[in-house]
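As a plain string of letters, each chain reads:
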Amino acid sequence: MAKLFINERNKMGHINPEIYGHFSEHLGRCIYEGLYVGENSDIPNVNGMRKDVVEALKEMQIPVLRWPGGCFADEYHWKDGIGPKEERKKMINTHWGGVVEDNSFGTHEFFELCEQLGCKTYVNGNVGSGTVQEMSEWVEYITFDGVSPMADLRKKNGHEKPWKIDYFGIGNENWGCGGNMTPEYYANLYRRYQTYVRQYHADKPVKKVCGGANGDEYYWTKKVMDTCFEMPQPPAAHGYMDGLSLHYYVVPGVWEHKGSATRFDENDWYKTLKKAVFMKELVERHGAIMDQYDPHKEIGMIVDEWGCWFDVEPGTNPGFLYQQNTMRDALVAGVTLNIFNKHCDRVKMACIAQTVNVLQSVILTEGPKMILTPTYHVFHMYKHHQDADLVESFLEGNKMIGTDQDCQVPFLNESVSVDKDGCVKVTLTNLSVSEDAPVEMSFMSLVPQEITGTILRGEMHACNTFEEPEQVKEENFNAYEVTDGVISFTAPAGSVISFRIR
Ligand code: AHR
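Residues numbered from 1 in each chain as written. Predicted model: local features only at pLDDT ≥ 70, side-chain atom pairs only at ≥ 80, totals over all residues. Heavy atoms only, no water.

### Notes on the site of the ligand
- The environment of the ligand is formed by 13 residues, the closest being E25, C71, E173, Y249 and E305.
- Y249 places a side-chain nitrogen or oxygen 2.7 Å from an oxygen atom of the ligand.
- Q354 has a polar side-chain atom sitting 3.0 Å from an oxygen atom of the ligand.
- For the ligand, the protein covers 94% of the area, taking 280 Å² as the surface of the free molecule. (Near = heavy atom within 4 Å. Polar contact = N/O pair within 3.5 Å; in protein donor to acceptor, adjacent residues only side chain to side chain. Areas by Shrake-Rupley, 256 points an atom, 1.4 Å probe, with all protein chains shown as cover.)

Spelled out as structure tokens, the structure:
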């Protein structure tokens, strides 16, 4: 029996909604087909955006969307994606499948999409192959309200009013596809490029995200912080950065043979989850380096690419990164989001890769059909944490499980928050393939009166397909008892549970 103690009166930090963010790149069928089908498509759309996908993402409460890449960002020249569509330049998407990119989805379309989604905007600029002028003019085009060449061009292209950029990334993976730079070189470029990301509206600051490390390459964080971290010097309201990114993918195998998304055994299950749990160490160790410069946690850790990366589905374009999504993905998502919640003092945003049809997607499409993946349901179940305060929680009697000594993971994993109305939200995962977990959940002073529970469960390979779209779905969970304020229940093997308690 595990005991979950919750001190709902001890608030430990604020859970920024952006922790539940998403990433959409010009890659495979994420943007084209997945999010955008064009105004003339037979698939129901509003100004080219798929109605079904937009509705599902709104229901999941998508808080922020990152675009246009990824590796694509450092090859993207934004002026190719504005103006009349028939005149837009075509290019080869060299990173992703060598297909023709016709630029029919560009700046105007991205902001239209975010408006429809009601989410914040995260634009990623080009450092690898772009100029300072190009980046500076993009920000001017999007955000400047007065008379200027770029604001005039935007108006000429049909958008009178500026948009708001909530976050702006200065390059992507500049240690790799974004230019193969050393941290010292990138850090100096960062200082220069960010200078020209102008703040045109004091009340709508553009938060600047510096390109961070790949997984456990801690030296990158150290070197970049060394050069780029500056506290704002009055009268300047901003330092050089508001966030530092981190990318980490869960790859159960080796890079050349990552492993199948759907055909795996118990060993692969635990290996994958162990790699997911490693996110805790990454956040803490990169966080400790950031603390040396920024002890008051003024800047955020922005985990703007995370998720499972498996071999592509057989028969699909290897450059499109299309993969299925099972209960294993759901548990990776559940564990990772609990880790982010528990480190919300430092982690201010995270974007799972990628929204539709690419890597650990929340949605898959096939022509006019759309399915929600197990990962979607986890985001839906966890949405109640958005904008709530993390509170203290502790699991007693939790044990390590796995198939062998080297591959052990915690049996249970949880996070707890409380919203402004005093509603307590608990999310809990059982990582075991086969063992159910009896749990007793008690509170500091709350006497539960009203409990809403939901559960996601299924055997380890369970997934949704276009033929059987509802194999894995959220269900009501009422199998609990309340005795003297203590809630007792059994978390089935391989499940994700969420409670809202008043
Ligand atoms: O998400 C796919 C790719 O993974 C991104 O383009 C890149 O940033 C990362 O390596």
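Now that the structure has been shown, we can carry on.
### A closer look at unusual backbone geometry
- The amide bond that connects G69 to the next residue, G70, takes the cis arrangement and shows omega of 20 degrees.
- Structurally, the position occupied by G70 is in the loop between β5 (64–67) and β6 (91–93).
- Following A353, the chain continues into Q354 via a peptide bond in cis, with omega recorded as -10 degrees.
- Along the chain, Q354 falls in the loop between β13 (347–353) and β14 (363–366).
- Phi is positive for N103, which is not a glycine, with a value near 60 degrees.
- Secondary-structure assignment places N103 in the loop between β7 (99–101) and α2 (107–117).
- With phi around 65 degrees, N357 is a residue other than glycine that occupies positive phi space.
- In this fold, N357 is placed in the loop between β13 and β14. (Helix = DSSP H or I, 4+ residues; strand = E, 2+ residues; numbered from the N terminus.)

### As for the domain arrangement of the protein chain
- Its domain assignment divides the protein chain into domain 1 (2–8 + 390–501) and domain 2 (9–389).
- Here the C-alpha centroids of domain 1 and domain 2 sit 29 Å apart.
- Contact with domain 1, which involves 55 residues of that partner, is made by 49 residues of domain 2.
- Both sides of the domain 1 and domain 2 interface together cover about 4300 Å² of buried area, and 64% of this is carbon and sulfur.
- Looking at the side of domain 1 facing domain 2, the largest losses of area belong to L390, M460 and F466, adding up to 20% of the total buried there.
- Inspection of the domain 1/domain 2 interface yields one salt bridge.
- Of the charged contacts in the structure, one is a salt bridge between E414 and K342, with a shortest N-O distance of 2.7 Å.
- Our count for the contact surface shared by domain 1 and domain 2 stands at 26 residue pairs in polar contact (both at pLDDT 80 or more).
- Only β1 (2–14), β16 (389–396), β17 (400–402), β18 (408–410), β19 (412–418), β20 (424–430), β22 (451–457) and β26 (495–501) provide two or more residues apiece to the side of domain 1 that touches domain 2. (Domains from an automatic or database assignment. Contact = heavy atoms within 4.5 Å. Buried area = accessible area lost by both parts, 1.4 Å probe. Salt bridge = Lys/Arg side-chain N within 4 Å of Asp/Glu carboxyl O.)

### Looking at the packing of helix α3 (residues 132–143) against helix α4 (residues 149–156)
- It is the contact of α3 with α4, at a shortest axis distance of 7 Å, that shows an interaxial angle of 55 degrees. Here α3 lies oblique to α4, going by the angle between them. α4 is crossed by α3, and the crossing has right-handed handedness. From α3, E137, E140, Y141, I142 and T143 reach across to α4, where they touch P149, M150, A151, L153 and R154.
- Grouping the amino acids of the contact of α3 with α4 by side-chain chemistry returns six nonpolar, one polar and three charged. (Axes fitted to C-alpha atoms, helices over the stretch in contact; angles between N-to-C directions. Parallel < 35°, antiparallel > 145°, perpendicular 65-115°, else oblique. Left-handed = near helix turned anticlockwise from the far one by under 90°. Nonpolar A, V, L, I, M, F, W, Y, C, P; charged D, E, K, R; others polar.)

### Remarks on the sheet that holds strand β23 (residues 475–476)
- Read across the open sheet, the ten strands follow the order β23-β22-β26-β20-β19-β16-β1-β21-β25-β24; overall the sheet is mixed. A single partner strand is all that each edge strand has here, and the edge strands are β23 and β24 (480–483).
- Bridging between strand β21 (residues 437–443) and strand β25 (residues 486–491) involves five bridges; their strand directions are antiparallel. Residue pairing for β25: A437 is matched across the bridge by A491.
- Seen against the sheet, helix α8 (residues 327–342) touches β16, β19, β20, β22 and β26 and runs at an angle of roughly 50 degrees to β19. (Pairing = 2+ DSSP bridges.)

### Concerning the sheet that holds strand β12 (residues 300–308)
- Read once around its circumference, the closed barrel built from eight strands follows the order β2-β5-β8-β9-β10-β11-β12-β13, with strand pairing classed as parallel. Between one strand axis and the next, the sheet turns through 30 degrees on average, direction left out of account.
- Where strand β11 (residues 243–250) lies against β12, seven bridges are found, and the strand directions are parallel. The partner of Y248 across the bridge, within β12, is W306.
- Each of β11, β12 and β13 touches α8; the most contacted strand, β12, lies at about 170 degrees to it.

### Section: the side chain of N126
- Take N126: it is sitting in the loop between β8 (120–125) and α3.
- Using a relative accessible area of 5% as the deciding quantity, one classes N126 as buried.
- For N126, the side chain forms a polar contact with the main-chain nitrogen of G128, separated by 3.3 Å.
- Reaching out from N126, the side chain makes a polar contact with the backbone nitrogen of S129 at a distance of 2.8 Å.
- Once residues lying within four places of it in the same chain are set aside, the contact partners of N126 are A73, D74, E75, Y76, H77, M135 and Y193. (Buried < 20%, exposed > 50% of the residue type's maximum accessible area, 1.4 Å probe, protein only.)

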